[in-house]
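# A look at the structure
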Amino acid sequence: KEATVAVLGATGAVGEQILRNLEKRSFPLKDLRLLASKRSAGKKVRFNGGEVTVQEATPEAFEGVDIALFSAGGSVSEKFAPEAVKRGAVVVDNTNAFRMDPEVPLIVPEVNKEEIKHHKGIIANPNCSTIQMVVALKPLYDRFGFDRVIVSTYQAVSGSGAKAMEELNEQSRAVLEGREVVKKIMPVGKLDKHYQIAFNALPQCDVAQENGFTLEEMKMVRETKKIFGDEQIGVTATCVRVPVQRGHSESIYVELKKDFDLEEVRQALREADGVILEDDIHNQVYPTPLDSAGRDEVFVGRVRKDTVHPKGLNLWVVSDNLLKGAATNAVQIAEHLVRE
Ligand code: A2P
Ligand code: 11C
């Protein structure tokens, strides 16, 4: 079976990785339509050795599309998803727009692919920092159970888009060359106050919420419950932006319900779908964002038993936020849609 696929946000950081993923996985394409804002209309983008011309996103552009992969921001999704669905497309949305809508399945194939079939036209891709955490926790949830997770993240600037990646490079050059540092995007492009990200760490990803957490932190809380289908799971998150281009890292602490020995935990992780265990501190083996960039899996290392709580477990989890955190997960969902 083949599908006509539209990529909305094709010129963005995630959109580009969606194209690379469609190529790499030899996705069965009948036709490919690349959509972005008016600014990019007419631009040529390389695909499978040739070039595809970017079109302006309009409701009519979704005519005849089977699967539409959206990564152009929440407000663009809100505008175009109903238009695409009305024209018969299934939308796989990478933004926060529909994730908590009870009618919209929130999918990480390694955890809950059986939910895909319940869609009514829109399927949501979770937030990148949630995706890598639930992929790593799934085998532990199945084997040992848990109801509380404490996580701190070290997130790459690419989570804020292609312009944020340029800002990190430019600020780094400015610092090293003794020039004035221009701050325009980080930590949150749409807010007025900006901090330097080069040679710094910013304890804010996304906007503040009433309760003092950031939206990124609350996404990790809410999305984890929905993906596991378990409202009892409590997550407490601190999300931090670091001067890394690609790859989010997470320090995760979880108290398991059953007694465990570390070798059992490592075996469960080794056997898990989508996980690669790189865990040998004595030989300095552990994942880093630089080493995980460009790879589709979730990498786990620094597996340790807590020294205080007998069932406490510590993990270090790294994944490419543009790939498994966004593009790869979306393309995996699209593959399921074609197969079914
Ligand atoms: P464009 O390049 O034409 O602005 P990133 O997350 O890297 O910032 O990328 C955002 C993506 O979303 C880009 O492809 C961008 O296209 C696209 N985009 C932004 N605003 C709109 C819009 N109003 N309509 C369609 N696409 C949009
Ligand atoms: C970040 N997690 O790293 C964000 C990017 O809700 O899909 C993705 C935002 C989202 O800033």
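Now for a look at the structure at hand. (Residues numbered from 1 in each chain as written. Chains lettered and ligands numbered in written order. Predicted model: local features only at pLDDT ≥ 70, side-chain atom pairs only at ≥ 80, totals over all residues. Heavy atoms only, no water.)

### Let's talk about the packing of aromatic side chains
On inspection of all chains with the given rule, the structure shows seven aromatic pairs. Considering the side-chain rings of Tyr141 and Phe146, the 5.4 Å spacing of their centres and the 70° angle between planes classify their relative orientation as edge-to-face. Using a relative accessible area of 23% as the deciding quantity, one classes Tyr141 as partly exposed. Relative accessible area serves as the criterion here: at 1%, Phe146 is assigned to the buried category. Ring centres 6.2 Å apart and planes at 85° place the aromatic pair Phe146 and Phe228 in the edge-to-face group. Note that Phe146 is positioned in strand E8 (residues 146-155) and Phe228 in helix H6 (residues 215-228), a separation of 82 residues in sequence. (Phe/Tyr/Trp six-rings, centres within 6.5 Å; stacked < 30°, edge-to-face > 60°. Buried < 20%, exposed > 50% of the residue type's maximum accessible area, 1.4 Å probe, protein only. Helix = DSSP H or I, 4+ residues; strand = E, 2+ residues; numbered from the N terminus.)

### Thoughts on the nonpolar core
Residues Leu137 and Leu315 are the most contacted members of the largest nonpolar core, which totals 57 residues. In terms of residues, this core owes the most to one element, helix H4 (residues 128-143), which gives seven residues. Excluding residues within four positions of it along the chain, Leu137 makes contact with Phe146, Val149, Phe228, Ile252, Val254 and Leu315. Val14, Leu34, Leu69 and Ala334 belong to the second largest nonpolar core, which has 43 residues in total. (Core = buried A, V, L, I, M, F, W, Y, C linked by side-chain atoms within 4.5 Å. Contact = heavy atoms within 4.5 Å.)

### Description of the packing of H4 against helix H9 (residues 323-339)
Interaxial distance between H4 and H9 falls to 8 Å at its minimum, and their mutual angle equals 85°. Classified by the interaxial angle, the pair formed by H4 and H9 is roughly perpendicular. Only Lys324, Gly325, Ala326 and Asn329 of H9 make contact with H4, whose side of the interface consists of Cys128, Ile131 and Val135. The class makeup of the residues in the contact of H4 with H9 is four nonpolar, two polar and one charged. (Axes fitted to C-alpha atoms, helices over the stretch in contact; angles between N-to-C directions. Parallel < 35°, antiparallel > 145°, perpendicular 65-115°, else oblique. Nonpolar A, V, L, I, M, F, W, Y, C, P; charged D, E, K, R; others polar.)

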